[in-house]
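Structure at a glance
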Amino acid sequence: MAEGSRVACVVRPRDASDIDECVRVLAQVHDGDGYPVNWPERPGEWLTEPVQFASWVAELDGRIVGHIALSGSGAGDVAPAQWSSLEGKPIESTAVVSRLFVSPAARGHGIGALLVAEVGREAQKRDLHPVLDVVATDTAAAALYERMGWRLLATVDQQWSPAQTVTVHCYAAPA
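My aim in this report is to walk through the structure given alongside it, one point at a time.

1. Some words on the layout of surface pockets
The calculated volume of the largest pocket comes to roughly 1,400 Å³. Within the residue set of the lining of the largest pocket, elements represented by two or more residues are helix 1 (19-33), strand 4 (94-102), helix 4 (111-125), strand 5 (129-135), helix 5 (139-147) and strand 6 (151-161). In the lining of the largest pocket, the residues fall into 27 nonpolar, 14 polar and eight charged. When its volume is computed, the second largest pocket comes out at roughly 180 Å³. Lining the second largest pocket are Val116, Ala117, Gly120, Gln124, His129, Pro130, Met148, Trp150, Ala173, Pro174 and Ala175. Taken together, the elements giving at least two residues each to the lining of the second largest pocket come down to helix 4 and strand 5. Per-element accounting of the lining of the second largest pocket gives the leading share, four residues, to helix 4. Split by residue class, the lining of the second largest pocket holds eight nonpolar, three polar and no charged.

2. Notes on helix 4
Compared with the 21 Å implied by 1.5 Å per residue over 15 residues, the 21 Å span of helix 4 between its first and last C-alpha is a close match. Residues of helix 4 that are buried: Ile111, Gly112, Leu115, Val116, Glu118, Val119, Glu122 and Ala123. Taken around the axis of helix 4, the buried residues stretch over an arc of 155°, which confines them to a single face. Opposite the packed face of helix 4, turned more than 90 degrees from it, sit the exposed residues Gln124 and Lys125. On its buried side, helix 4 packs onto strand 1 (10-13), strand 2 (52-60), strand 3 (63-71), strand 4, strand 5 and helix 5. Aspartate 127 lies just past helix 4 and shows a positive phi near 55°.

3. Brief notes about the pattern of salt bridges
Under the defined criterion, the tally for this structure stands at 11 salt bridges. For arginine 107, the salt bridge identified is with aspartate 33, shortest N-O distance 2.5 Å. Of this pair, arginine 107 sits in the loop between strand 4 and helix 4 while aspartate 33 sits in helix 1, and the two are 74 residues apart along the sequence. A salt bridge links arginine 121 to glutamate 118, with the nearest nitrogen and oxygen atoms 2.8 Å apart. Linking arginine 121 with glutamate 118, this pair stays in helix 4, spanning three residues, or about one helical turn. One salt-bridge network, held together by shared partners, links Arg12, Asp18 and Glu59.

Parameters at a glance
- Residues numbered from 1 in each chain as written.
- Predicted model: local features only at pLDDT ≥ 70, side-chain atom pairs only at ≥ 80, totals over all residues.
- Heavy atoms only, no water.
- 1 Å grid on protein atoms, 1.4 Å probe; cavity = no way out; pocket = protein on both sides within 12 Å on 5 of 7 lines; lining within 4 Å.
- Points joined across faces, edges and corners; volume = space filled by probe spheres on them.
- Helix = DSSP H or I, 4+ residues; strand = E, 2+ residues; numbered from the N terminus.
- Nonpolar A, V, L, I, M, F, W, Y, C, P; charged D, E, K, R; others polar.
- Expected span 1.5 Å × (residues − 1).
- Buried < 20%, exposed > 50% of the residue type's maximum accessible area, 1.4 Å probe, protein only.
- Arc of directions from axis to C-beta.
- Contact = heavy atoms within 4.5 Å.
- Salt bridge = Lys/Arg side-chain N within 4 Å of Asp/Glu carboxyl O.

Shown next, in the form of structure tokens:
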């Protein structure tokens, strides 16, 4: 199949029985790309946190190959405050896109874009504006958001622990 071609992908709501397979795919992504930056002690719980409005998986041939979630703003999220300040609207008007990953073997087929579009539809139903933080070193993720018209709001340093400062890009979905 040619690079960039589309394949038959199903995006559906994630359910509890999907978590183990999502963790397996997440481990492949972590090994290849370093996402998440710090491997969680309990990756299944990490996938379901923070409290989410909704989450989805992408399937190819009945196998999970991707994941995305949508939640309210949490204490560590920078993008909601950036968007709120720039737009003059309350932080509660945002929805945070998180936990997006696609299996390395399934990339190049538009799966990430399908997942981001699904989250955008859900945010719109809730009358919320999607925003996200992405680690600055994750250039592939930043390129996806920019191709989809997301706007870079700011680049900031976040203190993740006393010994770890990470630079993140804050993005907002197109209006």
